[in-house]
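Overview (structure and organization)
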Amino acid sequence: DMVVGAGHKTHRPVLLAAKLYKAFSVVLMKPSLPLSWFDAIICPKHDGIADSKRVLSTHGVISKIDPLAAAKSAQRDQNLILLGGESRHFSWQSERLIKQIQTVCHAQPEQGWLALNSRRTPAPFSEQLKQQAPGNLRLIEHQDTSPDTYSELLNKAQQAWVTPDSVSMLSEAITAGAKTAVFDLPAAKPGKPDKLAQNIAQLKDKGYLTRFQDWQLSQQLTAQGLALNEAQRAAEWLLIRLANTPPKNML
């Protein structure tokens, strides 16, 4: 009934399968083929496609974090630092980032902090962070965690600080209901508008996150509590779109 694809290499197989089975075609990204070729497109707002009958744009990316499970968490006693890595959107500056991490941890010495790196985090940075970490910070290597562990930590997080290169981690932290903040790293191409930087600006304007430079002035994070469940919203939109589209064998 429905064929769903994500990734540019899936576009043609999705269209071929949809044609063969007279199925509904869905792509979870900004497609590299004409929009009109697909029955439904779900993609982040920062991709710059306007909403329409065929297109739904989401705040950030769809995540597997369940906000209902997070809301039921009895204790929010975790403070997380989520580390992405080198990307084409932001310049990864180890010294600058470590100083920001130290500043955040030193400002809240009574709080314990967990830093989680990822596959993209440069190994030298992780070693440098271990050597220069404040006493209230512990680094957890990504290979020592599972998706379930990661979700559990987010569900218990009262604060989550994220590097700006990782739109997925930002979306997951916000969806989990943590007070979310983003570290400050320079754009890879200064002066040229970047879609991830625009995404961060949009989320800030809507009150979903706090920038490091703003936190420095106030020492306060934006109070989370805004509903963000884009996976649920996308699923409901998709079912309505499917129900209102005539079957292919009747077109």
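Values in this document were obtained by computation on a predicted structure and should not be read as measured data.

1. Looking at the environment of Arg 88
Looking at the secondary structure, you find Arg 88 in the loop between strand E5 (78–82) and helix H3 (94–107). Using a relative accessible area of 64% as the deciding quantity, one classes Arg 88 as exposed.

2. Description of the sheet that holds E5
The six strands lie next to each other as E7-E6-E5-E8-E9-E10, forming an open sheet whose pairing is parallel. Every interior strand has two partners, whereas the edge strands, strand E7 (137–140) and strand E10 (209–211), have only one. On average, each strand axis in the sheet is inclined to that of its neighbour by 25°, with strand direction left out of account. In the sheet, strand E6 (residues 113–116) pairs with E7 via four bridges, with the strands oriented parallel. Note that in E7 the partner of Ala 115 across the bridge is Leu 139. The strands touched by helix H5 (residues 147–155) are E5, E6 and strand E8 (157–162); relative to E5, the strand with the most contacts, the crossing angle is about 125°. Contacting strand E9 (179–182) and E10, helix H7 (residues 195–205) runs over the sheet at an angle of about 115° to E10.

3. Topic: the pairing of strand E2 (residues 24–27)
Regular strands place their side chains on alternate faces of the sheet. Burial along E2 is two-sided: Phe 24 and Val 26 and Ser 25 and Val 27, pointing in opposite directions, are all buried. As paired elements, strand E1 (residues 2–5) and E2 share four bridges and run parallel to each other. Residue pairing across strands places Gly 5 opposite Val 27, the latter belonging to E2. For the handedness criterion, the β-α-β arrangement of E1, helix H1 (residues 11–21) and E2 is classed as right-handed. As paired strands, E2 and strand E3 (residues 40–44) are joined by two bridges and run parallel to one another. Among the inter-strand pairings, Val 26 is bridged to a residue of E3, identified as Ala 40.

4. Looking at the layout of surface pockets
Taken as a whole, the largest pocket encloses approximately 1,000 Å³ of empty space. Forming the walls of the largest pocket are 33 residues, and the residues nearest its centre are Arg 119, Ser 166, Ser 168, Met 169 and Glu 172. Secondary structure elements with two or more residues in the lining of the largest pocket: H5, helix H6 (167–175) and H7. For the lining of the largest pocket, the leading source of residues is H6, giving four residues. Its residues placed into classes, the lining of the largest pocket shows twelve nonpolar, 13 polar and eight charged.

5. Digging into the packing of aromatic side chains
Throughout the structure, instances matching the rule amount to five aromatic pairs. Taken together, a centroid distance of 5.3 Å and an interplanar angle of 40° make the contact between Trp 161 and Phe 183 tilted. A residue pair is termed long-range when its members are at least 10 positions apart, and Trp 161 in strand E8 and Phe 183 in the loop between E9 and H7 qualify at 22 residues. Judged by relative accessible area, which is 0%, Trp 161 ranks as buried. On the basis of relative accessible area, Phe 183 is assigned to the buried category, the value being 3%.

6. Let's talk about the pattern of salt bridges
Working definition: two side chains of opposite charge can pair if their charged atoms are close together. Going through the model one piece at a time under the given rule, you end up with six salt bridges. With its nearest N and O atoms 2.8 Å apart, the salt bridge here joins Asp 184 to Arg 96. With Asp 184 in the loop between E9 and H7 and Arg 96 in helix H3, the pair connects residues that are 88 residues apart, well separated along the chain. You can call Arg 96 partly exposed: its relative accessible area is 32%. Here Arg 233 ties to Glu 230 by a salt bridge, and the two come within 2.8 Å at their closest N and O atoms. Of this pair, Arg 233 and Glu 230 both sit in helix H9 (residues 230–243), three residues apart, which is roughly one turn of the helix. Relative accessible area serves as the criterion here: at 7%, Glu 230 is assigned to the buried category. Sharing partners across several salt bridges, the network here consists of Glu 127, Lys 130 and Glu 141.

How each quantity is defined
Residues numbered from 1 in each chain as written. Predicted model: local features only at pLDDT ≥ 70, side-chain atom pairs only at ≥ 80, totals over all residues. Heavy atoms only, no water. Helix = DSSP H or I, 4+ residues; strand = E, 2+ residues; numbered from the N terminus. Buried < 20%, exposed > 50% of the residue type's maximum accessible area, 1.4 Å probe, protein only. Pairing = 2+ DSSP bridges. Axes fitted to C-alpha atoms, helices over the stretch in contact; angles between N-to-C directions. Contact = heavy atoms within 4.5 Å. Right-handed = clockwise from strand over helix to strand, strands pointing away. 1 Å grid on protein atoms, 1.4 Å probe; cavity = no way out; pocket = protein on both sides within 12 Å on 5 of 7 lines; lining within 4 Å. Points joined across faces, edges and corners; volume = space filled by probe spheres on them. Nonpolar A, V, L, I, M, F, W, Y, C, P; charged D, E, K, R; others polar. Phe/Tyr/Trp six-rings, centres within 6.5 Å; stacked < 30°, edge-to-face > 60°. Salt bridge = Lys/Arg side-chain N within 4 Å of Asp/Glu carboxyl O.

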